[in-house]
Amino acid sequence: MNDLKTRFFDDVDKNCPLPEYPRPQLVREDWMCLNGECDYEITPAGDACPKDFSGKIILPFAIESQLSGVQRALQPDERLWYRKGFTLDSRFDNKRCILHFGAVDWQCEVFVNGVSVGTHTGGYCPFSFDITDELVDGENELVVKVYDPTDKGWQNRGKQVLKSVGFWYTGTSGIWQTVWLEPVESQFIRQVWMTPDAQSHITCVRLTPDIDAGEIIVSCTGEGLDGCTIEAEISLGGEQVYSGEMKLNAHLPVPDAKLWSPESPTLYDLVLTVKKNGEAVDTVKSYFGMRKFSIGKDKQGLPRLMLNNEPYFQRGLLDQGYWSDGGLTPPNDEAMIFDIAEMKRLGFNMLRKHIKVEPLRWYYHCDRLGMIVWQDMVSGGEYIGNILAGVLPNIGIGVKDNKYNWFSRGEKEWRDDYRRELFEMIDNLYNCTCIGCWVPFNEGWGQFDAKEIGDAVKAYDSSRIVDHASGWYDQKGRDLKSMHKYILPIRMPKLDGRPFVISEYGGYSMILDGHVWNKQKSFGYIMFRSKEKLSAAYKKLHEKQVIPLIKKGLCATVYTQVSDVEFEVNGMYTYDRKVLKLDEKTVQEVNSKLHF
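Residues numbered from 1 in each chain as written. Predicted model: local features only at pLDDT ≥ 70, side-chain atom pairs only at ≥ 80, totals over all residues. Heavy atoms only, no water.

Caption draft 1: Quick look at the packing of helix H1 (residues 333-345) against helix H2 (residues 360-369). One can describe the packing of H1 onto H2 by two numbers: an axis separation of 10 Å at closest approach and a directional angle of 40°. Crossing geometry of H1 relative to H2 is assigned as right-handed. Contacts between H1 and H2 involve Asp333, Met336, Ile337, Ile340, Ala341 and Lys344 on the former and, on the latter, Arg361, Trp362, His365, Cys366, Arg368 and Leu369. Split into classes, the residues belonging to the contact of H1 with H2 amount to 7 nonpolar, 1 polar and 4 charged. (Axes fitted to C-alpha atoms, helices over the stretch in contact; angles between N-to-C directions. Helix = DSSP H or I, 4+ residues; strand = E, 2+ residues; numbered from the N terminus. Left-handed = near helix turned anticlockwise from the far one by under 90°. Contact = heavy atoms within 4.5 Å. Nonpolar A, V, L, I, M, F, W, Y, C, P; charged D, E, K, R; others polar.)

As structure tokens, this is what we get:
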């Protein structure tokens, strides 16, 4: 058991952690947060719901985390049960009640007042159930049953293992993002009788900026929208830019658009009002940034990453999103902001969110603070072994990724599940202004058909770049030539028409007493004994190996990493986020030279 606390630990409100509205891209004023203390019990697999719950857990922190109050691993032959009571207030009168989960890892079944209302599989994306018909007057009972085999299963789980070591981290089982209730209008009001003129609501808004046409493409889906009209209002800084009626799919003008960039993270507000027979029945608020991610050539004819039709060098960091006390769950909103703001202060303009999907508020903070995000899909399958994962890539031997068994994707069910979750993730994060690149596969972990999948992602979302296989096993697919390089010297590869990026490198490490997970077992690629030596090595790496490659075609860098993570001690910050391990002026100076 580890008790390393982040700088945010004492500020966590155990009565209702992470109380902020969890879905910034689709906001309604009325909602109820269910975070906070909850009953829990662990039973053998196959047992029915327990009558008595012996423990207390703090939602939405996973049972393995310190902030949950439990710190216990869930075994594959066990089931985790949650029980929480809730009472609806007047905001839910004559409304449908939607129960939302930000994320539950991995399989769960949800019961309301003893009735199963649905199941969900997948540990990283939100889901919801309409629980209206199972509600009673007074107190209601929510029960959630969870199965999570962690690394004993085939599911997409990232770096989670039952026993952490090296760059494999503590598992995250069960509820680990906000649980909340939302009252919405519907075709049918919850009464003994039903009326055909009852009201309707929006369930999804898809926003695609087009700076070349000077417009935002808005697509709405929802319940009972036939016969309704939608009024749209766009504003900037409180000043109205557009107002008018729209269809479910519309191109709305944004004249003289102020473009979003890390240097100027301008966001427009969008309000959509559903009207039926002239009466407003649903209102949602959202936002968007006018920006364009693309690929083009510079004046020398080199392929470059472009932002808003201009070559733009992306200076990034690997960001694994782990916290010493919360695991995958940030302790609070301030913790999310801290990582983003600090990395921007140091001169970075991009974070590669590494094989994890964050709560939506994290992306909102990147949107408003101005931080580009490369979003990884969560890896899955068994470890592919040291030969495939380490030896072959470093001696330049490539492997075709249609050898499914080699990459632990032998069963069609596993591959189908990956595809389902990949596009579920893209749908979930589509409206995030900050996301500039999708990364389906990393270093061969569970990789298969990467070229075809990269093409499918690009066809589904042409507004972003795709790094089809970050690291080892390039299949010549979309859109980048993507290199990982640790320890060995970084050299310019032969360009093939795709922009060249170093999507992982560095990993320079230092153990700082009092701020490490485990001093005896700490892991790093190259270890240094002092801040001065670490900073000098960081500067030398960039000046001798990285910066000279920019004029030859290098377009982006992803240094490892934002913070230490468990046994890994290669972060800019310590795992508790209390100490910056490198000299900040050195980092800022290096970043000032990483540009076209």
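Caption draft 2: Local environment of the packing of helix H4 (residues 412-429) against helix H5 (residues 450-460). Direction vectors running N to C along H4 and H5 enclose 30°, while the axes themselves pass 12 Å from each other. Of the possible angle classes, the one that applies to H4 and H5 is roughly parallel. Judged by the twist between their axes, the crossing of H4 over H5 is right-handed. On H5, the residues that touch Tyr418, Arg419, Leu422, Phe423, Ile426 and Asp427 of H4 are Ile453, Ala456, Val457 and Tyr460. Classifying every residue of the contact of H4 with H5 gives 8 nonpolar, no polar and 2 charged. (Parallel < 35°, antiparallel > 145°, perpendicular 65-115°, else oblique.)

Caption draft 3: Expanded view of the packing of aromatic side chains. One pass over the structure, following the stated rule, counts 34 aromatic pairs. Judged by centre distance (5.4 Å) and plane angle (5°), the rings of tyrosine 268 and phenylalanine 288 are stacked. Remark: phenylalanine 288 occurs in strand E21 (residues 279-288) and tyrosine 268 occurs in strand E20 (residues 268-276); sequence separation between them is 20 residues. Phenylalanine 288 shares its class with tyrosine 268; the two are buried. Relative to tyrosine 460, the ring of phenylalanine 423 lies with its centre 5.2 Å away and its plane at 80°, an arrangement referred to as edge-to-face. Here the residue phenylalanine 423 occupies a position in helix H4, and tyrosine 460 occupies one in helix H5, the gap between them amounting to 37 residues. Under the relative-accessibility criterion, tyrosine 460 is labelled partly exposed at 34%. Put simply, the rings of Phe167, Trp168, Tyr383, Trp445, Tyr486, Phe523 and Tyr525 touch in pairs and so form one group of aromatic residues. Here lysine 5 stacks its cationic end above the ring of phenylalanine 9, 5.1 Å away from the centre of that ring. (Phe/Tyr/Trp six-rings, centres within 6.5 Å; stacked < 30°, edge-to-face > 60°. Buried < 20%, exposed > 50% of the residue type's maximum accessible area, 1.4 Å probe, protein only. Lys NZ or Arg CZ within 6 Å of the ring centre and 35° of its normal.)

Caption draft 4: The side chain of glutamine 160, seen in detail. Structurally, the position occupied by glutamine 160 is in strand E11 (residues 160-161). A polar contact of 3.2 Å, which involves the side chain of glutamine 160, links it to the backbone oxygen of arginine 157. Once residues lying within four places of it in the same chain are set aside, the contact partners of glutamine 160 are Asp105, Tyr124, Asp148, Thr150, Asp151, Tyr169, Thr170, Gly171, Thr172, Tyr322 and Leu328. (Polar contact = N/O pair within 3.5 Å; in protein donor to acceptor, adjacent residues only side chain to side chain.)

Caption draft 5: Summary view of the layout of surface pockets. Empty space within the largest pocket amounts to approximately 1000 Å³. Contributing to the lining of the largest pocket are 48 residues, with Arg23, Pro126, Thr203, Leu360 and Asn428 lying nearest its centre. Looking at the lining of the largest pocket, the elements that each hand over two or more residues are strand E5 (96-101), strand E9 (127-130), strand E14 (179-184), strand E15 (201-210), strand E16 (215-223), H2 and H4. In the lining of the largest pocket, the residues fall into 22 nonpolar, 14 polar and 12 charged. What the second largest pocket holds in volume is close to 600 Å³. Lining the second largest pocket are 31 residues, and of these Asn2, Glu64, Ser164, Thr170 and Trp517 lie nearest its centre. Residue composition of the lining of the second largest pocket, by class: 12 nonpolar, 13 polar and 6 charged. (1 Å grid on protein atoms, 1.4 Å probe; cavity = no way out; pocket = protein on both sides within 12 Å on 5 of 7 lines; lining within 4 Å. Points joined across faces, edges and corners; volume = space filled by probe spheres on them.)

Caption draft 6: Inspection of the nonpolar core at higher detail. Formed by 97 residues in total, the largest nonpolar core has its most connected members in Met343, Tyr363, Trp374, Leu422, Met425, Leu429 and Met572. Top element by residues in this core is helix H6 (residues 531-550). It accounts for 8 residues. Listed in part, the 32 residues of the second largest apolar core include Leu34, Val70, Val112 and Val179. (Core = buried A, V, L, I, M, F, W, Y, C linked by side-chain atoms within 4.5 Å.)

Caption draft 7: Focus on the environment of asparagine 15. Structurally, asparagine 15 can be placed in the segment before strand E1 (32-33). For asparagine 15, a relative accessible area of 67% gives the class exposed. What asparagine 15 contacts, discounting residues up to four positions off in sequence, is Asn35 and Gly36.

Caption draft 8: Highlighting the sheet that holds strand E3 (residues 55-59). Strand order in this open sheet of 6 strands is E3-E2-E4-E10-E7-E8, and the pairing throughout is antiparallel. Where the open sheet ends on each side, the last strands, each with one partner, are E3 and strand E8 (115-121). Strand-to-strand twist in this sheet, taken as the mean axis angle between neighbours without regard to direction, amounts to 30°. With 6 bridges connecting them, strand E2 (residues 36-44) and strand E4 (residues 78-87) associate as antiparallel partners. Paired with tyrosine 40 across the strands is tyrosine 82, a residue of E4. (Pairing = 2+ DSSP bridges.)

Caption draft 9: A look at empty space enclosed by the protein. What the rule picks out here adds up to 7 cavities of 30 Å³ or more. Each pocket or cavity is described by its volume, and for the largest cavity that value is around 50 Å³. Where the lining of the largest cavity is concerned, the elements lending two or more residues are E15 and E21. Among the residues making up the lining of the largest cavity, the classes are represented as 5 nonpolar, 3 polar and 1 charged.

Caption draft 10: Region of the structure containing unusual backbone geometry. Look at the link from leucine 59 to proline 60: it is a cis peptide, with omega at 10°. Take proline 60: it is sitting in the loop between E3 and E4. A cis geometry characterises the amide bond from threonine 560 onward to glutamine 561, with omega recorded as 10°. Topologically, glutamine 561 is positioned in the loop between strand E34 (554-560) and helix H7 (584-591).

Caption draft 11: Local environment of the pattern of salt bridges. Tallied over the entire structure, the rule returns 43 salt bridges. Here lysine 593 makes a salt bridge to glutamate 543, at a shortest N to O gap of 3.0 Å. Separated by 50 residues along the polypeptide, lysine 593 in the segment after H7 and glutamate 543 in helix H6 bring together distant segments of the chain. One network of salt bridges, in which partners are shared, links Lys451, Asp455, Lys458, Arg478 and Asp479. (Salt bridge = Lys/Arg side-chain N within 4 Å of Asp/Glu carboxyl O.)

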